[in-house]
Amino acid sequence: MDENTAEARPFPLTEAPTYHIRTFGCQMNVHDSERMAGILAESGYRSTDDPEKASLIIVNTCTVRDKADNKALSDLGRLRLLKKGEGEKILAVTGCMAEREQERLHRMMPEIDLVAGPAQVRNLLPMIDRLRTEKRFQLGRDFDLPEMTTPPAVRPPGVTALVTVQEGCDKACSYCVVPRTRGPERSRPIGAIISEVRTLVQEGYREVTLLGQNVNGYGKNAPEGEGFADLLLALDAVDGLSRIRFTTSHPSDLDLPTIKAMACSSKVMPHLHLPVQSGSDRMLSLMDRGYTLDGYREKVRHLRESIPHVALTTDLIVGFCEESEEDFQQTLEVVSEFRFDGAFCFIYSPRPGTPAFEREGMPDRAVSLDRFRRLDELMSALVLEKNRGRIGSTEEILVERVDPEARTFSGRTPHFRTVRCRLSETEPFPLLGDIVSVRIDSCSKAGLAGVSA
Ligand code: SAH
Ligand code: SF4
Ligand code: F3S
């Protein structure tokens, strides 16, 4: 080996390089981290839980709200200290904040060696190589974008797997930064998705959650012309797969074929996450959501007509610009009207670069906090009431975890409720991935509990 090769080689030959990934944000980011782990594992890296021991630390960031930025920045503030006197350690920032901030991150923290947005993580290895040879900060956007193929992934062992089918968002909700961080909508070819899911089933996975920023917009720009309903039906035919879930759907792109596919497939679970964001048409219009409450109502009517006991969950924002007490009351009313099975509630966080950023009329922080608290109380009471309504029923659980010491196992119902099942001294444990019946006998806000039926 000559000196030049030694210089270009990232790490000493005797030791396998190690990586440590920290992930913030949504499931899409979780899966991007699994993809990065896959790319690194294929080229000989080993994972470590200890950032101090890692040759490569990746912070995979989110920037959807101010809080997400702050979390990642304070994490980076701690991790940068690990680089002191450690010539070989690489500190990388990926994900949505990386896309937005680019070189500004390096200016803030010169210890950061490379910054790559979500689409650019497929260039991770070339970026590391160039960093090693050029010995200077690298930006993902300076590299050509590879095709949207199926990079390898390292998923945690288990029975449920995340599968990205669509990326990016062509909507323009006035508060949202995601179209700027994830780019325009792209869909993976249906064949690539099916073969990935078949492989997952061979590896023991029984449930897939299809991911997309606008997942039911799947196929809009796809070369083969198949839509989301076609994808669901094609996956329904995969032998050995028990359950299919997907998130997140936009109300405007929820079409009748998708509802029909959900209704006629026994594998597509009867649960839809359909963010409404607000109960006020005035707010929906200021948010540029592209539908009115009546439009949303109509979609839910179709859904509930076709799948009578479908679970419906949602996202809600309070404290958006110009939100009055009356607008907020309409959001409370909408929760009571649709009787959501769950909701993620957020306080509006202005994001630089979004259309709403310049808008005035945000309620005082104390008012928004109070609205958030009232909304959260209403939702919690509704969820508890719904969970209580399941007591006495028998639920089919996909077994995701067993705890031999506590003699319990846990998993989710088709409606996505968590269930913990207690076993007697003599009852055998089910296998991970089995579907078993549990008789529900108690509950909390967080989920259900019961015994084998
Ligand atoms: N594509 C998905 C969700 C993207 S972000 C969808 O449209 O439903 C997840 C949720 O974060 C959104 O549904 C919204 O409720 C919330 N959100 C997005 N931007 C926000 C902001 N600036 N402030 C507060 N909440 C926000
Ligand atoms: Fe953001 Fe709206 Fe796109 Fe969802 S649909 S990612 S909220 S712009
Ligand atoms: Fe956050 Fe990006 Fe997901 S901003 S919510 S990690 S799409």
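Residues numbered from 1 in each chain as written. Chains lettered and ligands numbered in written order. Predicted model: local features only at pLDDT ≥ 70, side-chain atom pairs only at ≥ 80, totals over all residues. Heavy atoms only, no water.

> I keep staring at the pairing of strand β15 (residues 394-403) and nothing clicks. Help me out?
Within a regular strand, the side chains alternate between the two sheet faces. Pairing analysis gives five bridges linking β15 to strand β18 (residues 435-443), with the strands arranged antiparallel. When the bridges of β18 are listed, T394 appears paired with R439. Here β15 runs beside strand β16 (residues 408-412); their pairing, made up of five bridges, is antiparallel. What sits directly across from L398, in β16, is R412. Where β15 hands over to β16, the hairpin turn is made up of four residues, of which R407 adopts a positive phi near 50°. (Pairing = 2+ DSSP bridges. Helix = DSSP H or I, 4+ residues; strand = E, 2+ residues; numbered from the N terminus.)

> Whenever I open this one, the pattern of salt bridges confuses me. Can you help?
It is possible for side chains of opposite charge to pair when their charged atoms get near one another. Using the criterion set out here, one finds 37 salt bridges in the structure. Its salt-bridge partner being E322, residue R282 comes within 3.4 Å of it at the nearest N-O pair. Taken together, the residues R282 in helix α11 (residues 281-286) and E322 in the loop between β13 (311-318) and α13 (325-338) connect sequence positions 40 residues apart. A residue is classified by how much of its surface remains accessible, and R282, at 39% relative accessible area, is partly exposed. Accessibility expressed as a relative area gives 34% for E322, which makes it partly exposed. In this structure, a network of salt bridges that share partners links the residues E323, E325, D370, R371, R373, R374 and E377. (Salt bridge = Lys/Arg side-chain N within 4 Å of Asp/Glu carboxyl O. Buried < 20%, exposed > 50% of the residue type's maximum accessible area, 1.4 Å probe, protein only.)

> Please explain the sheet that holds strand β10 (residues 207-211) as it appears in this structure.
Backbone hydrogen bonds hold the strands of a sheet together, and the pairing may be parallel or antiparallel. With parallel pairing, three strands are arranged side by side in an open sheet as β7-β10-β11. The sheet is open, and its two edges are formed by β7 (160-164) and β11 (243-247), each paired on a single side. Within the sheet, the average angular offset between the axes of one strand and its neighbour, ignoring direction, is 25°. Packing against the sheet, helix α2 (residues 27-42) makes contact with β7, β10 and β11, and its axis sits at approximately 95° to β7. Sitting on the sheet, helix α8 (residues 190-202) touches β7 and β10, and the angle it makes with β7 is about 165°. (Axes fitted to C-alpha atoms, helices over the stretch in contact; angles between N-to-C directions. Contact = heavy atoms within 4.5 Å.)

Read these as layout, nothing more, since geometry by itself doesn't imply function.
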